[in-house]
Amino acid sequence: MTLVPGLDILALARAGRYGVGAFNTNNMETTQAILETADEARSPVIVALSEGALSYGGKQLVDIVKVMGSEVTVPVSVHLDHGSSYESCLRALRHGFTSVMIDKSHEDEETNIAETRRVVAAAHAVGITVEAEIGRLGGIEEHVVVAEEEAILTKPDEAERFMARSGADYLAVAIGTSHGANKGKGRPFIDHDRIVEIAARIDHPLVMHGASGVPREIVARLNRAGGTLKDATGIHEDDVSRAVTEGIAKINTDTDLRLAFTARVREVLSAKPGEFDPRKILGPAREEMKAVIRSRMELFGSVGKA
Ligand code: G3H
Ligand code: 13P
Ligand code: ZN
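So, here's what we can say about the structure. (Residues numbered from 1 in each chain as written. Chains lettered and ligands numbered in written order. Predicted model: local features only at pLDDT ≥ 70, side-chain atom pairs only at ≥ 80, totals over all residues. Heavy atoms only, no water.)

Side note on the overall build of the protein
Right, on to step 1. Scanning the protein for helices and strands turns up 12 helices and eight strands.
Right, on to step 2. Computed over its C-alpha atoms, the radius of gyration of the protein comes to 19 Å, within 12% of the 19 Å expected for a compact globule of 306 residues.
Right, on to step 3. By its C-alpha atoms, the protein is 60 × 45 × 35 Å across when sized along the principal axes.
Right, on to step 4. Within the span of the protein, comprising 306 residues, buried residues form 55% of the whole.
Right, on to step 5. When the accessible area of the protein is evaluated, it comes to approximately 13200 Å², of which 52% is carbon and sulfur surface.
Right, on to step 6. In the protein, the 36 positive side-chain charges and the 45 negative ones have mean positions that sit 4 Å from each other. (Helix = DSSP H or I, 4+ residues; strand = E, 2+ residues; numbered from the N terminus. Rg over C-alpha atoms; globule rule 2.2 N^0.38 Å. Buried < 20%, exposed > 50% of the residue type's maximum accessible area, 1.4 Å probe, protein only. Areas by Shrake-Rupley, 256 points an atom, 1.4 Å probe, with all protein chains shown as cover. Lys, Arg positive; Asp, Glu negative; His and termini not counted. Charge placed at Lys NZ, Arg CZ, Asp CG, Glu CD.)

Below, the structure written as structure tokens:
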């Protein structure tokens, strides 16, 4: 089916109180894993490409994602993750993306609003929807000083003002998560009260970046097979499912796929030192990613929603 704008998927998710995964891809195998799993699970899905993914895979990667995405029978949106400029978002629109993120969260509020408005005007003119972000992503300790927490996390009144003035369609919020495989000591603190307060003020779908669970057993396998990942921690599954009931509708996952891919590649290579057929190395890695994606979709509640 034709690729759909991100908001078509996310408005239903927010109203239906389930989450939809935005999974990052960089290559054919990851794209297949995302889309085959979505099809099998009857789940809507968002395939995310960062600017790094675009410079790695170029137009060929975009073509792979678009062709595969329109062949499956569940709603798929192709999304630019963390677009850093108006020009970058415009290039994504030209490439046929159906959702773009403009990330000016590191700028002051007025600049973030002004830059987001420009992207919204261009994207909406061609029927594409837009994600923006306010606040700073980054782990916080449970008993951090309030002033420090206020400096980085998304403020509910600012979120309301920002969405009214920017015209963005969905909002990435800073509520204690962070990117990568080291999200803080122990179980990262997620500010659920803050999600509830933001969701009470705006009806837009909310987005959780840095949501990977960093499964302990996958990290252990990766390290047993020669990896050196230390202090790896992720977001607890209970925090993700609770956040979904509170208004989070889009959940970004990249790290968990990278870990699954690398763990399996390492295992295959160490178990079969004579193997040099890429299909026998990347094929199992694709299966490993599919299992992770399936369990994420079950956690988000999107299985059977398409
Ligand atoms: O949020 C960032 C994503 O995990 C993409 O990472 O810029 O290394 O492709 P990347
Ligand atoms: P993780 O690093 O937790 O997978 O987050 C990915 C992300 O937020 C992509 O935008
Ligand atoms: Zn992100």
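On we go.
Some points on helix 12 (residues 278-300)
Each full turn of the α-helix corresponds to 3.6 residues, which orients residues three or four apart in the same direction.
Right, on to step 1. Between its first and last C-alpha, helix 12 extends 32 Å over 23 residues, near the 33 Å set by a 1.5 Å rise per residue.
Right, on to step 2. One side-chain oxygen of the residue at the start of helix 12 lies 2.9 Å from the amide nitrogen of Arg279, identifying that residue as Asp277.
Right, on to step 3. The positive-phi residue at the C-terminal boundary of helix 12 is Gly301, with phi of around 85°. (Expected span 1.5 Å × (residues − 1). Polar contact = N/O pair within 3.5 Å; in protein donor to acceptor, adjacent residues only side chain to side chain.)

So, the coordination of the zinc ion (ligand 3)
Right, on to step 1. At the metal site, the zinc ion (ligand 3) is ligated by His82 (NE2), His179 (NE2) and His209 (ND1), and these contacts range over 2.1 Å.
Right, on to step 2. Along the chain, the residues donating to the zinc ion (ligand 3) fall in the pattern H-x96-H-x29-H. Here the residue His82 occupies a position in strand 3 (residues 76-83), and His209 occupies one in the loop between strand 7 (206-208) and helix 9 (216-224), the gap between them amounting to 127 residues.
Right, on to step 3. In this structure His82 comes out as partly exposed when scored by relative accessible area, which is 21%.
Right, on to step 4. Residue classification places His209 among the buried residues on the basis of a relative accessible area of 1%. (Donors = N, O, S within 2.8 Å, 3.2 Å for Na, K, Ca; no water.)

What to know about the site of ligand 1
Right, on to step 1. Ligand 1 sits among Asn24, Ser50, Asp81, His82, His179, Asp254 and Arg258.
Right, on to step 2. Note that an oxygen atom of ligand 1 is positioned 2.6 Å from one of the side-chain N or O atoms of Ser50.
Right, on to step 3. Taking Asp254, its side chain carries an N or O atom lying 2.6 Å from an oxygen atom of ligand 1.
Right, on to step 4. If ligand 1 stood free it would expose 300 Å²; the protein chains cover 65% of that surface.
Right, on to step 5. Residue composition of the shell around ligand 1, grouped by class: no nonpolar, four polar and three charged. (Near = heavy atom within 4 Å. Nonpolar A, V, L, I, M, F, W, Y, C, P; charged D, E, K, R; others polar.)

Notes on the pairing of strand 1 (residues 20-24)
Right, on to step 1. Most of strand 1 sits inside the fold, with five of its five residues counted as buried.
Right, on to step 2. By the alternation rule, side chains of strand 1 split into Val20, Ala22 and Asn24 and Gly21 and Phe23, which are all buried.
Right, on to step 3. Taken together, the four bridges between strand 1 and strand 8 (residues 248-253) define a ladder with parallel strand orientation. Paired with Ala22 across the strands is Asn252, a residue of strand 8.
Right, on to step 4. Of the strand pairs in this sheet, strand 1 and strand 2 (residues 45-50) are connected by three bridges, and their pairing is parallel. In the strand pairing of strand 2, Ala22 is matched with Ile46. (Pairing = 2+ DSSP bridges.)

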